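If you want the building blocks of each chain, they are given just below.
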Amino acid sequence: MDFSLSEEHRAVQETAREFAQHELLPGILERDEKQQFPHDQVKKMGELGFMGMMVDPKYMGSGMDTISYVIALEEISKIDAAAAVIMSVNNSLVCWGLEEYGSEDLKTKYLSQLAQGIVLGAFCLSEPEAGSDATAIKTKAEDKGDHFLLNGVKNWITNGGNASIYIVIAQSDPDKGYRGINAFVVDKNLDGIQVGPKENKLGIRSSDTHSIMFNDVVVPKSNLLGGAEMGFKIAMNILNGGRIGIAAQALGIASGAHDLSIKYARERRSFGKPISEHQAIQFKLADMHAAIEGSRLLCYKAAYLKDKGIPFSKESAVAKLVASQTAMDVADEAIQIHGGYGYVKEYHVERMLRDAKITQIYEGTSEIQRLVIAREILKSI
Ligand code: CAA
């Protein structure tokens, strides 16, 4: 077992760190306040190869491993968790799904543009009345012979307003339950697609979240991902990988809040010395560090298993469950260490707490992660 990062991993870390400091930090308070999408920064992420990190270079991706992806996401999330989710959804939920399950024609048509960040992707599973209970989706994809007719509403769609390509999960045969579900690539240019208003969110405010309405959208049969009625399994497999990305986002929020806390604790003085010399603060910093280290190892382990082709659904759920709780706890303690300054926007940690919350909700709530973990461990004994 080797815990050291390779030269390539270190280079990714350095590039992502520099990018986050120089391109994401400036203007972050304003983007958060005004819910401004980071268009220029996303374009730059595409140029740096961060929008299709694991995609085969044949489709203009970076051809890197999932550990590199975790490393880049951690660095970006330390500064800007909203930019990180834009990147994560494009990489894990769209590029990966398309590369794994798409036909050669679909990959040629869409994947290289997505991998370069020229266009953005979104993943449409959740609905107004089907979030955690994903088998209950109602969006219909009626088989009309040479095409599917798509009707329904999808909710909470990250990148919903800016994406040009959607992966849509829809029911084609309700009598078969989840075994009647299909997954499609849907081009936003098709007639009958309407994007709802942008949600006004607690955190990750500069990412855009919308509902999307499909009204008699004619989707060519050739846009089907995987085999017929494989859609639910495809969605679950895509989410298994996506959870590594969200775990890495949570890890980054935690380590960003920790870095700021160390810096502040060294500068701020009370009772005649820097607060970093008070044991009350040292214990907090040590607990934060321990939880972050644990989360990072869990992220790396899930990524390692995925790269080796070993089943990793339990490990990605564990990584997301632990890292998202760590993000909440560490951001909370970071505010405590900063005192009153932590409660105002200029010191960033209040945003980090707001950003952390969503990591316990999207791509499967913490309760769903526990369910996935429990089912796996009960199977294994
Ligand atoms: N990996 C692979 N297959 C899985 C799986 C997993 N993690 N979980 C379930 N499956 C398979 C099962 O094996 C089963 O197939 P078989 O019958 O062939 O074995 C099938 O899927 C149905 O599973 P269950 O019978 O277990 O169904 P269930 O209803 O009891 O539980 C669930 C399903 C695990 C709760 C699932 O609905 C789930 O994961 N829900 C959470 C959905 C989610 O994460 N939504 C996030 C929305 S996307 C998002 O947030 C995107 C964004 O923009 C950021």
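Reading guide: rules and limits
- Residues numbered from 1 in each chain as written.
- Predicted model: local features only at pLDDT ≥ 70, side-chain atom pairs only at ≥ 80, totals over all residues.
- Heavy atoms only, no water.
- Near = heavy atom within 4 Å.
- Polar contact = N/O pair within 3.5 Å; in protein donor to acceptor, adjacent residues only side chain to side chain.
- Areas by Shrake-Rupley, 256 points an atom, 1.4 Å probe, with all protein chains shown as cover.
- Helix = DSSP H or I, 4+ residues; strand = E, 2+ residues; numbered from the N terminus.
- Nonpolar A, V, L, I, M, F, W, Y, C, P; charged D, E, K, R; others polar.
- Domains from an automatic or database assignment.
- Contact = heavy atoms within 4.5 Å.
- Buried area = accessible area lost by both parts, 1.4 Å probe.
- Salt bridge = Lys/Arg side-chain N within 4 Å of Asp/Glu carboxyl O.
- Buried < 20%, exposed > 50% of the residue type's maximum accessible area, 1.4 Å probe, protein only.
- Patch = residues over 30% accessible without salt bridge, like charges linked within 9 Å, V, L, I, M, F, W, Y side chains within 5 Å.
- Expected span 1.5 Å × (residues − 1).
- Pairing = 2+ DSSP bridges.
- Bend = angle between axes of the 7 residues up to and from the residue.
- Axes fitted to C-alpha atoms, helices over the stretch in contact; angles between N-to-C directions.
- Parallel < 35°, antiparallel > 145°, perpendicular 65-115°, else oblique.
- Left-handed = near helix turned anticlockwise from the far one by under 90°.

> Summarise the site of the ligand; cite the residues concerned and give the values.
In the vicinity of the ligand, 24 residues are found, and the nearest of them are S132, T158, Y178, R243 and R375. Here T158 contributes a side-chain N or O atom positioned 2.8 Å from an oxygen atom of the ligand. In this structure, R243 approaches the ligand through a side-chain N or O atom, which is 2.9 Å from an oxygen atom. The protein chains hide 77% of the 1,100 Å² of surface that the ligand would expose on its own. Looking at the shell around the ligand, the elements that each hand over two or more residues are α5 (81-101), β3 (147-158), α7 (231-267) and α11 (366-379). Ranked by residues supplied to the shell around the ligand, first place goes to α7 with seven residues. For the shell around the ligand, the per-class residue count stands at eleven nonpolar, eight polar and five charged. In this structure, the shell around the ligand is formed jointly by two domains, domain 2 (121-229) and domain 3 (233-379), each of which donates at least three residues.

> Explain the domain arrangement of the protein chain residue by residue, including any values.
Here the domain parsing of the protein chain yields domain 1 (7-115), domain 2 (121-229) and domain 3 (233-379). For domain 1 and domain 3, the distance between their C-alpha centroids amounts to 20 Å. With 27 residues of domain 1 at the interface, the matching set in domain 3 holds 33 residues. Across the domain 1/domain 3 interface, buried area totals approximately 2,400 Å², and carbon plus sulfur atoms make up 64% of it. Run the count over domain 1 and domain 3 and you get three salt bridges. Across the salt bridge formed by R354 and D32, the nearest N and O atoms sit 2.8 Å from each other. When contributions to the side of domain 1 that touches domain 3 are tallied by element, the ones reaching two or more residues are α2 (28-34), α4 (66-79) and α5.

> Requested: an account of the side chain of S92, with residues and values cited.
Inspection of the secondary structure puts S92 in helix α5. Look at S92 and you get buried, because its relative accessible area is 4%. Within the structure, S92 has its side chain in polar contact with the side chain of Y69 (distance 2.5 Å).

> Requested: an account of a nonpolar patch on the surface, with residues and values cited.
A surface patch of nonpolar side chains, about 440 Å² in accessible area, is lined by M1, F3 and L297. Along the chain, F3 turns up in the segment before α1 (7-24). Look at F3 and you get exposed, because its relative accessible area is 61%.

> Tell me about α4, and name the residues and values.
For α4, with 14 residues, the first-to-last C-alpha span of 21 Å sits near the 20 Å given by 1.5 Å per residue. Counting buried residues along α4, 14 of its 14 residues qualify, which places the element largely inside the surrounding structure.

> Can you lay out the environment of L371 for me, pointing to particular residues and giving the numbers?
By secondary structure assignment, the location of L371 is in helix α11. For the pair L371 and K314, spaced 57 residues apart in sequence, the C-alpha to C-alpha distance is 9.7 Å.

> An account of the pattern of salt bridges is requested, with residue identities and associated values reported.
Pairing of side chains with opposite charge becomes possible as their charged atoms draw close. Applying the stated criterion across every chain, the model contains 22 salt bridges. In this structure, D355 engages R351 in a salt bridge whose closest nitrogen and oxygen atoms are separated by 3.8 Å. One end of the pair is D355 and the other is R351, both in helix α10 (residues 349-357) and four residues apart, which spans about a single turn. For D355, a relative accessible area of 4% gives the class buried. The buried category is assigned to R351, whose relative accessible area is 4%.

> Help me get a handle on the pairing of strand β4 (residues 165-171), residues and values and all.
The buried fraction of β4 amounts to seven of the seven residues, a majority that puts the element mostly inside the structure. Alternating positions in β4 separate into two faces, I165, I167, I169 and Q171 on one and Y166, V168 and A170 on the other, with burial throughout. The pairing of strand β1 (residues 121-124) with β4 spans four bridges and is parallel. Across the sheet, F123 pairs through a bridge with I167, a residue of β4.

> A description of the side chain of E315 should follow, citing residues and the corresponding values.
Position of E315 among the secondary structure elements: in helix α9 (residues 313-338). For E315, the residues in contact, after removing those within four places along its chain, are K301, A302 and L305.

> Tell me about α7, and please be specific about residues and values.
If you check α7, its first and last C-alpha atoms are 54 Å apart, about what 37 residues at 1.5 Å a residue would give, namely 54 Å. At G241, α7 shows its strongest bend, of approximately 25°. Counting buried positions along α7 gives 28 out of 37 residues, so the element sits mostly inside the fold.

> Any chance you could break down the packing of helix α8 (residues 279-308) against α9 for me, citing the residues and the numbers?
Packed helices, taken two at a time, are described by the angle their axes make and the gap between the axes. Between α8 and α9, the least distance of the axes is 9 Å, while the angle of their chain directions is 155°. Between α8 and α9, the interaxial angle falls into the category roughly antiparallel. You can see that α8 and α9 cross each other, and the crossing is left-handed. Contacts between α8 and α9 involve I281, K284, L285, M288, A291, I292, S295, L298, C299, K301, A302 and L305 from the former and E315, S316, V318, A319, V322, A323, T326, V330, E333, A334, Q336 and I337 from the latter.

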